[in-house]
Amino acid sequence: MNQPTKAFASQADLADKVIKFEQLSKHCWAYTAEGDPNSGVIIGDKFIMVSDATATPSMARDLIKQIRTISDKPIKYVLLTHYHAVRVLGASAYAAEGATEVIASQGTYELIVERGAQDMKSEMERFPRLFRGAEEVPGLTWPTMVIGGGDATKGEVPGKLVIDLGGVKVQIWSPGYGHTRGDTIAWVEEEKVLFSGDLVEYEAGVYTGDAQLEEWPATLEALRALKAEAIVPGRGEAMKGQANVNKALDYTKRWVETLFNAGKEAVAGKMDLKAAMAHTRKSMDPVFGHVFIYEHCLPFDVTRAYDEASGIKNPRIWTAERDIDMWKALQD
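On a predicted model such as this, the values are computed, not experimentally measured, just so you know.

## Thoughts on the side chain of D151
For D151, the position within the fold is in the loop between β7 (145-147) and β8 (160-164). D151 gets classed as buried once you look at its relative accessible area, which sits at 15%. Polar side-chain contacts of D151 include one of 2.6 Å to the side chain of T153. When near neighbours in sequence (up to four residues on either side) are disregarded, D151 contacts E156 and Y177.

Here it is, written out as structure tokens:
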């Protein structure tokens, strides 16, 4: 008897998650959802900043509702930690709450130009639950403030933006390549709270389909050097205390290194993609097989690790068509 075909990506994941809105320090909050994409909130005496805008205006309004239980200040700033649709397409909802600035790195801006439209279509197919109400999305989210400066992966000093929200300052910069080549963090130094976006995950799948795997571990060490006392990762619970922050960094680093090593071994062994997947599972499944969206991430991750190990430094663009072609190639 034939086994039923596995559902593509997260198309079978339709159960709503429990939202948690949690205070981490005097001005910093985490909006987490059982492994769904997280957002961060920094509330100053004058203005509010949201880090990662959510997938749709409808989802953003839920976050806004949580914020409004504790503050009526304008949500003036929206930070895009990277370009992925599931993080940025809710941005339009903040305009009614006072948002005048959408902040991104130069690398993120370039990626929106290069592949934002394809990514939007691709991610909407992958995550039907997260993109309920997608008809409200007015189009791509474009930054109004772009942070240039040096490339940390080349030993240069990255550009840095410091935003004063009133009583609290937020530093924003790109610490290096990782989840994408445009990853951007928010760092509240006085309170030692780090908003990492998808550079860091904890007990959830680490999506690496558009990653720079070789550079990612060094970027994680740059984040470790901040000695954060709390972190809002891209997925998973907010971590409190330096030991727990390091646990999240270690978790992400282990995923990236285990995956990339398997990819290099697969290329060296002249395996095809399907064999590379089976090879990667030997080292990944026992450690990570239980976590949220593991089965969603793994095909994209193995494909990217195989590509990068083959010498493709700039990740190939995922389209909805390429997603399905890859998925079919890997099914038994």
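There is more to say after this.
## Section: the packing of helix α6 (residues 273-288) against helix α8 (residues 320-330)
Across the interface, α6 lies against α8 with an axial gap of 8 Å and an inter-helix angle of 70°. One element, α6, and the other, α8, form an angle in the roughly perpendicular class. Within the contact between the two elements, α6 uses L273, K274 and M277 and α8 uses M326, A329 and L330. When the residues that make up the contact of α6 with α8 are grouped by side-chain class, the tally is 5 nonpolar, no polar and 1 charged.

## Examining the sheet that holds β7
Within the open sheet, the 7 strands sit side by side as β1-β2-β3-β4-β5-β6-β7. Their pairing is mixed. Since the sheet does not close on itself, it has two edges, and those belong to β1 (20-23) and β7, each with one partner. On average, each strand axis in the sheet is tilted by 20° relative to the strand beside it, whichever way the strands run. Looking at chain direction, strand β3 (residues 36-43) and strand β4 (residues 48-51) are connected through 4 bridges and run antiparallel. If you follow I43 over to β4, its bridge partner there is I48.

## Describing the pairing of strand β9 (residues 169-173)
Across the 5 residues of β9, 4 count as buried, placing the element largely inside the fold. Examined bridge by bridge, β8 and β9 share 5 bridges and lie antiparallel to one another. Bridge pairing in β9 links L161 to I172. Counting the residues in the hairpin turn of β8 and β9 gives 4 residues, including G166, whose phi is positive at 95°. Here β9 runs beside strand β10 (residues 185-188); their pairing, made up of 3 bridges, is antiparallel. Each residue of the ladder has a partner; that of W173, found in β10, is I185.

## With respect to the environment of A228
Assignment of secondary structure puts A228 in the loop between α4 (216-224) and β12 (230-233). Counting along the chain gives 39 residues from A228 to E189, while the straight-line C-alpha distance between them is 8.2 Å. Excluding residues within four positions of it along the chain, A228 makes contact with W187, K192, L194, Q242 and V245.

## Side note on a nonpolar patch on the surface
There is a patch of nonpolar side chains on the surface, built from Y109, V113, W142 and V146 and spanning about 360 Å² of accessible area. Within the secondary structure, V113 is located in helix α3 (residues 106-126).

## Describing the pattern of salt bridges
Two side chains carrying opposite charge are able to pair once their charged atoms lie near each other. Summed over all chains, the structure comprises 23 salt bridges. One salt bridge in this structure joins R115 and D210, with 3.8 Å as the shortest N-O distance. One end of the pair, R115, is in helix α3; the other, D210, is in the loop between β11 (193-197) and α4, and 95 residues separate them in sequence. Residue D210 is classed as buried on the basis of its relative accessible area of 5%. Sharing partners across several salt bridges, the network here consists of E214, E215, R304, E308 and K313.

## Observations regarding the sheet that holds β12
In space, the 6 strands of this open sheet follow the order β8-β9-β10-β11-β12-β13, with mixed pairing throughout. Lying at the two open borders of the sheet, with one neighbouring strand each, are β8 and β13 (239-240).

## Some thoughts on the nonpolar core
If you look at the biggest cluster of nonpolar residues, it comprises 42 residues, and the most contacted ones within it are I185, L194, V200, L213, W216, L223 and W255. Secondary structure elements with two or more residues in this core: β10, α4, α5 (242-268), α6, α7 (294-309) and α8. Considering each element in turn, this core owes the most residues, 9 residues, to α5. Filtering out sequence-adjacent residues up to four positions away, V200 remains in contact with L220, L223, I231, P233, G234, R235, A248, L249 and T252. Counting residues in each nonpolar core, the second largest holds 34 residues, with I43, I64, L89 and M120 among its members.

## A word on the side chain of H179
Within the secondary structure layout, H179 lies in the loop between β9 and β10. Among the polar contacts made by the side chain of H179, one reaches the side chain of H82 at a distance of 3.4 Å. A polar contact of 2.9 Å, which involves the side chain of H179, links it to the backbone oxygen of Y207.

What counts, and at which threshold
- Residues numbered from 1 in each chain as written.
- Predicted model: local features only at pLDDT ≥ 70, side-chain atom pairs only at ≥ 80, totals over all residues.
- Heavy atoms only, no water.
- Helix = DSSP H or I, 4+ residues; strand = E, 2+ residues; numbered from the N terminus.
- Buried < 20%, exposed > 50% of the residue type's maximum accessible area, 1.4 Å probe, protein only.
- Polar contact = N/O pair within 3.5 Å; in protein donor to acceptor, adjacent residues only side chain to side chain.
- Contact = heavy atoms within 4.5 Å.
- Axes fitted to C-alpha atoms, helices over the stretch in contact; angles between N-to-C directions.
- Parallel < 35°, antiparallel > 145°, perpendicular 65-115°, else oblique.
- Nonpolar A, V, L, I, M, F, W, Y, C, P; charged D, E, K, R; others polar.
- Pairing = 2+ DSSP bridges.
- Patch = residues over 30% accessible without salt bridge, like charges linked within 9 Å, V, L, I, M, F, W, Y side chains within 5 Å.
- Areas by Shrake-Rupley, 256 points an atom, 1.4 Å probe, with all protein chains shown as cover.
- Salt bridge = Lys/Arg side-chain N within 4 Å of Asp/Glu carboxyl O.
- Core = buried A, V, L, I, M, F, W, Y, C linked by side-chain atoms within 4.5 Å.

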